[in-house]
Amino acid sequence: MNNDPADPVSDTPEPAPSAQPRVEGANGQIVLAATPIGNLGDASPRLIELMTGADVIAAEDTRRFHHLAQALGLRIPGRVISYHEHNEGVKTAELLDLARQGLTVLMVSDAGMPAVSDPGFRLVEAAGAEGLLVTAVPGPSAVLTALALSGLPTDRFTFEGFLPRKPGERAGRLAELQKERRTMVFFEAPHRLAPMLRALADAFGQDRRAAVARELTKMYEEVKRGSLLELLEWAEGQVRGEIAVVVSGAAEDAPSRAVDHVSSVQELERGGLRLKDAVAAIAERERISKRELYAAVLEARR
């Protein structure tokens with residue numbers, strides 16, 4: 001998980017390609033693999049096997065990938081190339097061609113699962129369209145970890161990534177989410193956390209429940225839970241680290257009760273409508289049971 005989608009992507013010179021890429025028996029594949037979001041102990045055996053065995057590694061930031069390999073004590077024999085949002089258009093075709101030649105192409109982002117707020121979607125889409133084998137090595141995910149630790153409902157949720165930076169665009173996006181009933185997960189840079197929480201409070205109300213998770217799986221991991229107002233007051237201080245914000249969805253509307261609409265039926269009756277027709281009209285409008293509404297009207301006459 002990057003703190004800022006606009007952060008510049010560093011790169012290093014790429015080693016020369018393999019002398020003789022495989023072509024016959026083209027059984028190549030593209031593998032998306034999750035890398036640790038903080039704790040190196042979360043690197044799975046399958047990830048390590050692929051890092052040392054893949055023919056080609058497409059990394060969001062090649063320097064970070066080499067740092068990960070070094071920290072894990074791994075030697076990387078495969079070719080490492082850069083694959084990020086600024087070169088996806090060009091590199092996707094190259095990676096597809098390598099898979100067609102029968103090579104195993106490993107795709108990794110800086111942290112977490114590729115294609116989730118990170119490069120990878122275009123590659124999967126294009127490979128799927130060609131019928132190339134695409135699989136995944138699941139693992140660490142800042143989205144799911146923050147959701148699980150938030151203490152908010154997890155049965156239905158939506159991942160919204162980074163909100164727009166500009167206040168007007170951000171307000172417009174939040175207006176679209178005002179009636180969202182699923183739990184929402186966002187990413188945010190630490191220096192923009194307070195303005196973001198203020199915007200959330202303005203859009204959803206200060207009492208909406210939320211949680212801020214920072215530095216997940218790292219030494220200084222912290223999860224703050226409370227209302228948006230309480231979290232805003234906390235965030236006015238200096239907050240550091242990688243941030244995920246989880247916000248509860250909008251409350252369900254209270255179910256409409258038949259007794260609440262008796263007066264509407266009576267009003268239609270006074271206007272000359274028969275009881276049966278008045279009940280049918282109001283029941284359809286309010287989407288409630290005609291039988292229950294009819295009974296409520298009769299009960300009111302006693």
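Residues numbered from 1 in each chain as written. Predicted model: local features only at pLDDT ≥ 70, side-chain atom pairs only at ≥ 80, totals over all residues. Heavy atoms only, no water.

- The protein chain carries the name Ribosomal RNA small subunit methyltransferase I in an unreviewed UniProt entry, which gives Arthrobacter rhombi as its organism.

Considering the domain arrangement of the protein chain
Working step 1: By domain assignment, the protein chain separates into domain 1 (29-140), domain 2 (143-247) and domain 3 (258-300).
Working step 2: In this structure, domain 1 and domain 2 have C-alpha centres spaced 29 Å apart.
Working step 3: Of the roughly 500 Å² buried at the junction of domain 1 and domain 2 (both faces included), carbon and sulfur atoms supply 62%.
Working step 4: For domain 1, the biggest contributors to the area lost against domain 2 are Ile-37, Val-116 and Ser-117; these three give 69% of the whole.
Working step 5: Classifying every residue of the side of domain 1 that touches domain 2 gives two nonpolar, three polar and one charged. (Domains from an automatic or database assignment. Buried area = accessible area lost by both parts, 1.4 Å probe. Nonpolar A, V, L, I, M, F, W, Y, C, P; charged D, E, K, R; others polar.)

So, the nonpolar core
Working step 1: Judged by nonpolar contacts, the single largest core of 24 residues is most densely connected at Phe-186, Leu-193, Leu-197, Leu-200, Phe-204 and Val-245.
Working step 2: For this core, the secondary structure elements donating two or more residues are α6 (167-177), β7 (183-188), α7 (193-204), β8 (209-214), α8 (228-235) and β10 (243-247).
Working step 3: Grouped together as the second largest cluster of nonpolar side chains are 18 residues, Ala-43, Ala-59, Ala-69 and Leu-106 included. (Core = buried A, V, L, I, M, F, W, Y, C linked by side-chain atoms within 4.5 Å. Buried < 20%, exposed > 50% of the residue type's maximum accessible area, 1.4 Å probe, protein only. Helix = DSSP H or I, 4+ residues; strand = E, 2+ residues; numbered from the N terminus.)

Side note on helix α5 (residues 142-150)
In an α-helix, one full turn covers 3.6 residues, which means residues spaced three or four apart are oriented alike.
Working step 1: Three or more residues of α5 are buried, namely Ala-142, Val-143, Ala-146, Leu-147 and Ser-150. All buried residues of α5 fall inside an arc of 130° around its axis, so they share one side.
Working step 2: On its buried face, α5 sits against β6 (157-162), β7, β8, β9 (222-227) and β10.
Working step 3: Positive backbone phi, at 80°, marks Gly-151, one or two positions downstream of α5. (Arc of directions from axis to C-beta. Contact = heavy atoms within 4.5 Å.)

Let's talk about the pairing of strand β1 (residues 29-33)
Working step 1: Burial within β1 is extensive, with four of its five residues counted as buried.
Working step 2: Summarising the sheet, β1 and strand β4 (residues 104-108) pair through four bridges and their orientation is parallel. Within the sheet, the bridge partner assigned to Leu-32 lies in β4 and is Met-107. (Pairing = 2+ DSSP bridges.)

As for the pairing of β6
Working step 1: For β6 and β7, the ladder comprises five bridges, and the chain directions are parallel. Counterpart to Thr-158 in the pairing with β7 is Met-184.
Working step 2: Note on the crossover from β6 through α6 to β7: the handedness is right-handed. (Right-handed = clockwise from strand over helix to strand, strands pointing away.)

Digging into the sheet that holds strand β2 (residues 56-59)
Working step 1: In spatial order, the strands read β3-β2-β4-β1-β5; together these five strands make up an open sheet with parallel pairing. Each edge of the open sheet is held by one strand with a lone partner, namely β3 (79-82) and β5 (133-137). Looking at each pair of strands side by side, their axes are set apart by 25° on average, direction ignored.
Working step 2: Running over the sheet, helix α2 (residues 62-71) touches β2, β3 and β4 and is turned about 140° from β3. (Axes fitted to C-alpha atoms, helices over the stretch in contact; angles between N-to-C directions.)

So, the pattern of salt bridges
Working step 1: Enumeration over the complete set of coordinates arrives at 16 salt bridges.
Working step 2: Notably, a salt bridge pairs Arg-274 with Asp-277, separated by 3.2 Å at the nearest N-O pair.
Working step 3: One salt bridge in this structure joins Arg-285 and Glu-286, with 2.9 Å as the shortest N-O distance.
Working step 4: The exposure class assigned to Arg-285 is exposed, which follows from its relative accessible area of 52%. (Salt bridge = Lys/Arg side-chain N within 4 Å of Asp/Glu carboxyl O.)

Re the UniProt feature "domain: Tetrapyrrole methylase" (unreviewed entry) in the protein chain
Working step 1: If you check UniProt for "domain: Tetrapyrrole methylase" (unreviewed entry), the listed places come out as residues 30-231 in our numbering.
Working step 2: With 39% helix and 23% strand, residues 30-231 has end C-alpha atoms that lie 41 Å from one another. (UniProt positions renumbered as here; feature names shortened; annotations may be inferred.)

So, the sheet that holds β6
Working step 1: Taken together, five strands build an open sheet; the order of strands is β6-β7-β10-β8-β9 and the sheet is mixed. Taken across any chain shown, the strands that pair with only one partner, and hence form the sheet edges, are β6 and β9. Neighbouring strand axes in the sheet, compared pairwise and without regard to direction, differ in orientation by 20° on average.
Working step 2: Sitting on the sheet, α5 touches β6, β7, β8, β9 and β10, and the angle it makes with β7 is about 125°.

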